[in-house]
Amino acid sequence: LLRSDGKRREKLYKVLVIGDIGVGKTSVVKRYVHRFFSQQYRATIGVDFALKIINWDQNTVIRLQLWDIAGQERFGHMTRVYYKDAVGAFIVFDTTRGATFDAVAKWKKDLDQKVELPDGKLVPCVLLGNKCDQPRDSQTPEGTRMDQFLKENEFSGFFETSAKENIGIDQAARFLLSKIIEND
Ligand code: GTP
Ligand code: MG
């Protein structure tokens, strides 16, 4: 149904993209927003921004502001500033490097300690296992072990992604947005 004034409502959502160094955060954002992938690694310094405009439904246009935060910032003092007013997050790990999965719970804790929704609820957070085009590190959990981890750490969902092969990213974004809209 169209609004009676015939106008579409515009929603601005700030979403964080966090996780360890080199897991592919910038690559996921570039794939999602610019439909582009590069093999070359250039570390993000501080934070990069991207804006994606989504025609969500007949009445709603979403301006999704993605804050792509450098992996090295987990050891810095800026995350509280970067996280401010976020309404959702992606935490990314690299399925080929188990150590990046070990850091996921630390990122999640950092997030939950520093940001909450206006009603005090946790911001919805989706876990991305990126580089699924490559052989998986057997140290990363699957199946019921992964389900247990997601539940214990209060993730809204989990998607395997590849920025290189364009797998899972649109689905993960749609899922997170649906959770954000539920809270709005
Ligand atoms: P920081 O900015 O340092 O925190 O790293 P990042 O998480 O932004 O990683 P980035 O996107 O720069 O990617 C790191 C490297 O992984 C680059 O060489 C990418 O080309 C590569 N990469 C990213 N995503 C994928 C993927 O899905 N598959 C494969 N095979 N390589 C990927
Ligand atoms: Mg980056």
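Everything below is about the structure shown above.
Residues numbered from 1 in each chain as written. Chains lettered and ligands numbered in written order. Predicted model: local features only at pLDDT ≥ 70, side-chain atom pairs only at ≥ 80, totals over all residues. Heavy atoms only, no water.

1. Concerning the sheet that holds strand E6 (residues 157–161)
With mixed pairing, the six strands of this open sheet are ordered in space as E2-E3-E1-E4-E5-E6. Strands with a single pairing partner mark the edges of an open sheet, and in this sheet they are strand E2 (47–57) and E6. Mean inter-strand twist for the sheet, computed between neighbouring axes without regard to direction, equals 25°. Judged from the five bridges that link them, strand E5 (residues 125–130) and E6 form a sheet pairing that is parallel. Looking at the pairing, Gly 129 lines up with Glu 160 of E6. Along the sheet, helix H1 (residues 25–34) contacts strand E1 (9–19), E2, strand E3 (60–69), strand E4 (88–94), E5 and E6; its crossing angle with E3, the most-contacted strand, is approximately 155°. Sitting on the sheet, helix H6 (residues 169–183) touches E1, E2, E3, E4, E5 and E6, and the angle it makes with E4 is about 150°. (Pairing = 2+ DSSP bridges. Helix = DSSP H or I, 4+ residues; strand = E, 2+ residues; numbered from the N terminus. Axes fitted to C-alpha atoms, helices over the stretch in contact; angles between N-to-C directions. Contact = heavy atoms within 4.5 Å.)

2. Considering the side chain of Lys 52
Along the chain, Lys 52 turns up in strand E2. No salt bridge is formed by the buried Lys 52; its nearest oppositely charged neighbour, Asp 170, is found at 5.2 Å. In terms of polar contacts, Lys 52 uses its side chain to reach the backbone carbonyl oxygen of Tyr 32, at 3.0 Å. Discounting chain neighbours no more than four positions away, the residues touching Lys 52 are Tyr 32, Val 33, Arg 35, Ile 62, Arg 63 and Leu 64. (Buried < 20%, exposed > 50% of the residue type's maximum accessible area, 1.4 Å probe, protein only. Lys, Arg positive; Asp, Glu negative; His and termini not counted. Salt bridge = Lys/Arg side-chain N within 4 Å of Asp/Glu carboxyl O. Polar contact = N/O pair within 3.5 Å; in protein donor to acceptor, adjacent residues only side chain to side chain.)

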